[in-house]
Amino acid sequence: MTAFFGIDEHNSEKFFKQGVVCIDNSIEKEAVLFKTFQSIRTEDIVFIKSFTQAGLKVKAIGVVLSGFPTENELGVCIPVEWIWKDEKFIEQFGEELAHCSDTLYEEYNTLVQREIIDLLPARFQLTKEW
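The structure presented is a predicted model; accordingly, all values stated were derived computationally and were not measured.

1. Brief notes about the environment of Gln 53
Argument step 1. Here Gln 53 shows up in the loop between β3 (45-52) and β4 (55-64).
Argument step 2. Placed 38 residues apart in sequence, Gln 53 and Glu 91 show a C-alpha to C-alpha distance of 9.4 Å.

Below, the structure is given as structure tokens:
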């Protein structure tokens, strides 16, 4: 199963133009955040989000092309194919979305994961050949 990583929307337009997702070099000092970023692998799903008390807004979904980071003016980056860009509001599902306000986190909420999977284009959908 692929991992899902929520990324703050701060530099989203730059991420789209360059086909990457990045964390600022100065953030590397925050060990937990950088460790999470380092755990992103090829074919993981990343999503750009914003969060309010009302819920989570997904703004883009991408598939990681390589887990090998590079550096540029945005910071430490990994290449991403952005496959969905729009806005999808996800209300809270009766449980706390504890990490949603973090800059970067791994998404474990299966209801949020399902919503993200449902937004993927057909070529990324799971088939039921079992």
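After that view, the rundown keeps rolling.
2. Focus: the nonpolar core
Argument step 1. Phe 15, Val 21, Phe 37, Ile 40, Val 46, Trp 82 and Leu 104 are the most contacted members of the largest nonpolar core, which has 24 residues in total.
Argument step 2. Residue assignment for this core shows that the elements contributing at least two residues are β1 (4-8), α1 (12-18), β2 (20-23), α2 (31-38), β3, β4 and β6 (75-91).
Argument step 3. At five residues, the largest contribution of residues to this core is made by β6.
Argument step 4. If you look at the next biggest cluster of nonpolar residues, it comprises 16 residues, including Leu 56, Val 63, Ile 83 and Leu 120.

3. Description of the environment of Val 112
Argument step 1. Structurally, the position occupied by Val 112 is in helix α3 (residues 110-119).
Argument step 2. Note: C-alpha distance between Val 112 and Leu 56 (56 residues apart in sequence) is 8.9 Å.

4. Focus on the pairing of β3
Argument step 1. Most of β3 sits inside the fold, with six of its eight residues counted as buried.
Argument step 2. The pairing of β1 with β3 spans five bridges and is classified as parallel. Its bridge partner lying in β3, Phe 5 is registered against Val 46.
Argument step 3. A loop of two residues connects β3 with β4, the two strands running antiparallel in sequence.

Cut-offs used in this document
- Residues numbered from 1 in each chain as written.
- Predicted model: local features only at pLDDT ≥ 70, side-chain atom pairs only at ≥ 80, totals over all residues.
- Heavy atoms only, no water.
- Helix = DSSP H or I, 4+ residues; strand = E, 2+ residues; numbered from the N terminus.
- Core = buried A, V, L, I, M, F, W, Y, C linked by side-chain atoms within 4.5 Å.
- Buried < 20%, exposed > 50% of the residue type's maximum accessible area, 1.4 Å probe, protein only.
- Pairing = 2+ DSSP bridges.

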